[in-house]
Amino acid sequence: MLTASKTKISPGRLLINNEWLDGSNHFNTINPATGEVLTHIAEASAEDVDRAVQAALRAFDDRSGPWRKMPASERGRLIWKLAELVEKNIDELAELETLDNGKPIFESRYVDMPMVADVLRYFAGLATKIHGETVNTNETAFTYTLREPVGVVGVIVPWNFPLLLASWKLGPALACGNTVILKPAEQTPLSTLRFGELAIEAGIPAGVLNIVTGGPATGQAIVQHPGIDKIAFTGSTVVGKEIMRSAADSLKRVTLELGGKSPNIVCADSDLESAVKGAITGIFYGKGEVCNAGSRLFIESKVKNEFIEKLVARAKKLQPADPLDPKTRMGAIVSQQQMQTVLGYIEAGKKEGAKLIAGGNHVSVDGSKGFFIEPTIFGDVTNEMKIAQEEIFGPVLSMISFDDVERAVDQANRNPYGLAAAVWTRDIKKAHHISRLLRAGTVWINTYGLMDAALPFGGYKQSGFGRELGAHAVEHYTELKSVWLNMS
């Protein structure tokens, strides 16, 4: 039997101006481990989005709005308090996310939710460190710059890390003095809605954080609304392009963290045991539903057979199981639609001549109707194959062998994406050389997937633009104003 939930799940409503409101329409959110309905969620119309924007504008107003006028230290204190409430309610938030997304409770509880708190604390501290500078021009002028908040920010996040990716945007947006309209993915709204309750408890003023749930039509209403000044989006490259086109009409500022097909390069002189563990984590953490997943594994030919043997042995131990079981390391794919997409790519790999050496099947866990896929590994893959070029967003690894590392790097870069990459070698000079050549926003050396709130994250090429996390994120949530005082 699958583990029963300890958390009571209520129907989801819209958070507008610190009030919980029902929508004219509703949709269901599904438990991927069972295929059953968890609860129904309010679907925000364009009119609901407008109400949220008006509340955000009132809260931002520089003459009477409570957020814009608030001292930066006080904004930081409230964001810090929100981080404390996340930690206080961490078990509930983790369970909600696992129920909604299908990821193992181990990941939700011990990786994702702790980082939510870390990110909020980082930007709470940064709130008092956003400043301009004086500029020497000429002796009859006093000139300086100011960093001011952009205004109302529309935040649209995907279903793979619902609350974590929201925190990456909410942290800098709120620290800089902006107000926010947040739309979680329709597949995974539960942890975000609970977060909204914690924001009210923390004392975040009315209108500062508004949460509107819904599907693509709700997102489109956010992007097209003239009262929203900036869009911060994480999701697929296809949708990112649509957002850019729609935002052009009102010249909204846009930052996009999009897809990836990240290369993971293993040289023969690396610590193979560590590299195998890194490869497993790189592709199978989060069921492979991770934008920076190491889905293309480049392995040097002279250690290929040994590496494959170790890799397959580990993958076969990593079988799908009950997401609420603390021992589980492979959960359920987020939806039936996504499961069918992943299975379609597995079939495409077979047809193109790749060798299926592990997994590849939909499996049942405890007789449920959940959406589970075995960890899947393809060998004999060429870089031109569909499974090596397109983002699958599932537990599917494509292995490509190489004899010359420079050629491997060239192939690694021959892809539309450029979000992340990794290299494994004991030769530190080679590691730094390769990291310079790789066209990716993040390069890991002898590890994979590690993150820190202080380190910027974002992509090259069709993986988007702008940076999340770190002090550089402030640049995307502020306007830079020059002031010139003539003293002559």
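So, here's what we can say about the structure.

Along its length, the chain carries 15 helices and 24 strands. For 488 residues, the compact-globule estimate of 2.2 N^0.38 gives 23 Å, and the C-alpha radius of gyration of the chain, at 23 Å, lies within 12% of that figure. Once the C-alpha set of the chain is aligned to its principal axes, its extents read approximately 75 × 60 × 40 Å. In the chain, which comprises 488 residues, the share counted as buried stands at 58%.

Under the definition given, this model contains seven aromatic pairs. Aromatic pair Phe161 and Tyr285: ring centres 6.5 Å apart, planes at 10 degrees, arrangement stacked. Taken as a pair, Phe161 in the loop between strand E7 (152-156) and helix H6 (162-175) and Tyr285 in the loop between helix H10 (272-284) and strand E13 (296-300) lie far apart in primary sequence, 124 residues in all. Classification of Phe161 as buried rests on a relative accessible area of 10%. Centre to centre, the rings of Trp168 and Phe457 are 5.6 Å apart; their planes meet at 70 degrees, and the pair counts as edge-to-face. With Trp168 in helix H6 and Phe457 in the loop between strand E21 (442-445) and strand E22 (460-461), the pair connects residues that are 289 residues apart, well separated along the chain. Residue Phe457 is classed as buried on the basis of its relative accessible area of 2%. One residue, Lys230, lies across the ring of Tyr477, its end atom 4.8 Å from the ring centre. Sitting above the plane of the Phe106 ring, Arg329 keeps its charged end 3.8 Å from the centroid.

On to the nonpolar core. Judged by nonpolar contacts, the single largest core of 97 residues is most densely connected at Leu182, Phe307, Leu311, Ile377 and Met399. Sequence-distant contacts of Leu311, that is, excluding residues within four places in its chain, are made with Val276, Ala279, Ile280, Leu297, Ile377, Leu397 and Met399. If you look at the next biggest cluster of nonpolar residues, it comprises 31 residues, including Ile265, Cys267, Val396 and Leu438.

Next up on the list: the pattern of salt bridges. Inspection of the entire model under this criterion finds 17 salt bridges. Close ionic contact of Glu197 with Arg194 constitutes a salt bridge, the shortest N to O distance being 2.8 Å. Taken as a pair, Glu197 and Arg194 lie in helix H7 (residues 190-202) at a separation of three residues, close to a single helical turn. In this structure, Lys430 and Asp269 form a salt bridge, with 3.2 Å as the shortest nitrogen-oxygen distance. Taken together, the residues span a long stretch of sequence, with Lys430 in helix H15 (residues 428-437) and Asp269 in the loop between strand E12 (263-266) and H10 at a distance of 161 residues. For Lys430, a relative accessible area of 23% corresponds to the partly exposed category. The class for Asp269 is partly exposed, based on a relative accessible area of 27%. Put simply, Glu92, Arg194 and Glu197 are held in one network by salt bridges that share partners.

Between its first and last C-alpha, helix H12 (residues 336-351) extends 23 Å over 16 residues, near the 22 Å set by a 1.5 Å rise per residue. Listing the buried residues of H12 in full gives Gln338, Met339, Val342, Leu343, Tyr345, Ile346, Ala348 and Gly349. Backbone geometry just after H12 places Gly353 at a positive phi near 100 degrees.

In spatial order, the strands read E14-E17-E18-E13-E12-E20-E21; together these seven strands make up an open sheet with mixed pairing. Strands at the two margins of the open sheet, each flanked by one partner only, are strand E14 (355-358) and E21. Sheet twist, expressed as the average angle between the axes of neighbouring strands with direction ignored, equals 25 degrees. In the sheet, strand E17 (residues 376-379) pairs with strand E18 (residues 396-402) via three bridges, with the strands oriented parallel.

Time to look at the sheet that holds strand E6 (residues 141-149). Sheet architecture is open: three strands sit in the order E5-E6-E24, paired in antiparallel fashion. With one partner strand each, in any of the chains shown, strand E5 (134-135) and strand E24 (478-486) form the two edges of the open sheet. Of the strand pairs in this sheet, E5 and E6 are connected by two bridges, and their pairing is antiparallel. Its bridge partner lying in E6, Val135 is registered against Thr143.

Residues Phe106, Tyr110 and Val111 make up a contiguous nonpolar surface patch of roughly 280 Å² in combined accessible area. Within the element layout of this structure, Val111 appears in helix H5 (residues 105-126).

On to helix H8 (residues 216-224), then. For H8, the set of buried residues is Thr218, Gly219, Ala221, Ile222 and Val223. The secondary structure elements touched by the buried residues of H8 are strand E4 (36-43), helix H1 (46-60), E7, strand E8 (179-183), strand E10 (230-234) and helix H9 (237-247).

What follows concerns the packing of helix H4 (residues 90-101) against H5. Packing of H4 against H5 leaves a shortest axis separation of 9 Å and a crossing angle of 125 degrees. Comparing the axis directions of H4 and H5 gives the class oblique. The chirality of how H4 crosses H5 is right-handed. Here Ile90, Asp91, Leu93, Ala94, Glu95, Glu97 and Thr98 of H4 lie close against H5, whose contacting residues are Ile105, Ser108, Arg109, Asp112, Met113 and Pro114. Along the lines of polarity and charge, the residues of the contact of H4 with H5 split into six nonpolar, two polar and five charged.

The next subject is the environment of Ile243. Here Ile243 is to be found in helix H9. In contact with Ile243, not counting residues within four places along its chain, are Val223, Ile231, Phe233, Val254 and Leu256.

Procedures and definitions
Residue positions are given per chain, counted from 1 along the sequence in the order it is written. Given that the model is predicted, a residue must reach a pLDDT of at least 70 before its local features are reported, and side-chain atom pairs must reach 80 or more before they are shown or counted; all residues, however, enter totals for whole chains, interfaces and linings. Calculated side-chain values reflect all of the structure's heavy atoms, with hydrogen atoms and water omitted. Working definition: helices are DSSP H or I runs of at least four residues, strands are E runs of at least two. Numbering for both runs from the N terminus. The globule rule used here is 2.2 Å times the number of residues to the 0.38 power, and the radius of gyration it is set against is calculated over C-alpha atoms. Think of it in three bands: residues with accessible area under 20% of the maximum for their type are buried, residues over 50% are exposed, and the middle band is partly exposed, with areas taken using a 1.4 Å probe on protein chains only. Only Phe, Tyr and Trp rings take part, Trp by its six-membered ring, and two of them pair if their centres are within 6.5 Å. Stacked means planes under 30 degrees apart, edge-to-face means over 60, and tilted covers everything else. Charge-over-ring contacts are defined here by two conditions on Lys NZ or Arg CZ: a distance within 6 Å of the ring centre and an angle within 35 degrees of the ring normal. Here, nonpolar core refers to any group of buried Ala, Val, Leu, Ile, Met, Phe, Trp, Tyr and Cys residues whose side-chain atoms link them within 4.5 Å. The contact definition used throughout considers only heavy atoms, calling two residues in contact when any of these lie within 4.5 Å. A pair is scored as a salt bridge if a Lys or Arg side-chain nitrogen falls within 4 Å of a carboxyl oxygen belonging to Asp or Glu. The span expected for a helix works out to 1.5 Å for each residue beyond the first. In this analysis, strands are considered paired if DSSP registers two or more bridges between them. Axis lines are fitted to C-alpha atoms, over the contacting stretch for helices. Their N-to-C directions set the angle, which ranges from 0 to 180 degrees. To count toward a patch, a residue needs a relative accessible area over 30% and no salt bridge; like charges are then connected within 9 Å, while nonpolar side chains (Val, Leu, Ile, Met, Phe, Trp, Tyr) are connected within 5 Å. In these tables, accessible area is a Shrake-Rupley quantity obtained with a 1.4 Å probe, and a residue counts as shielded only by the protein chains included in the view. Here is the rule for angles: anything less than 35 degrees is roughly parallel, anything more than 145 is roughly antiparallel, 65 through 115 is roughly perpendicular, and the remaining ranges are oblique. Rotating anticlockwise by less than a right angle from the far helix to the near helix defines a left-handed crossing, while the corresponding clockwise rotation defines a right-handed one. Under the scheme applied, nonpolar residues are Ala, Val, Leu, Ile, Met, Phe, Trp, Tyr, Cys and Pro; charged residues are Asp, Glu, Lys and Arg; polar residues are all the others, including Gly.

From the geometry alone we can't say anything about function, so treat these as descriptive.
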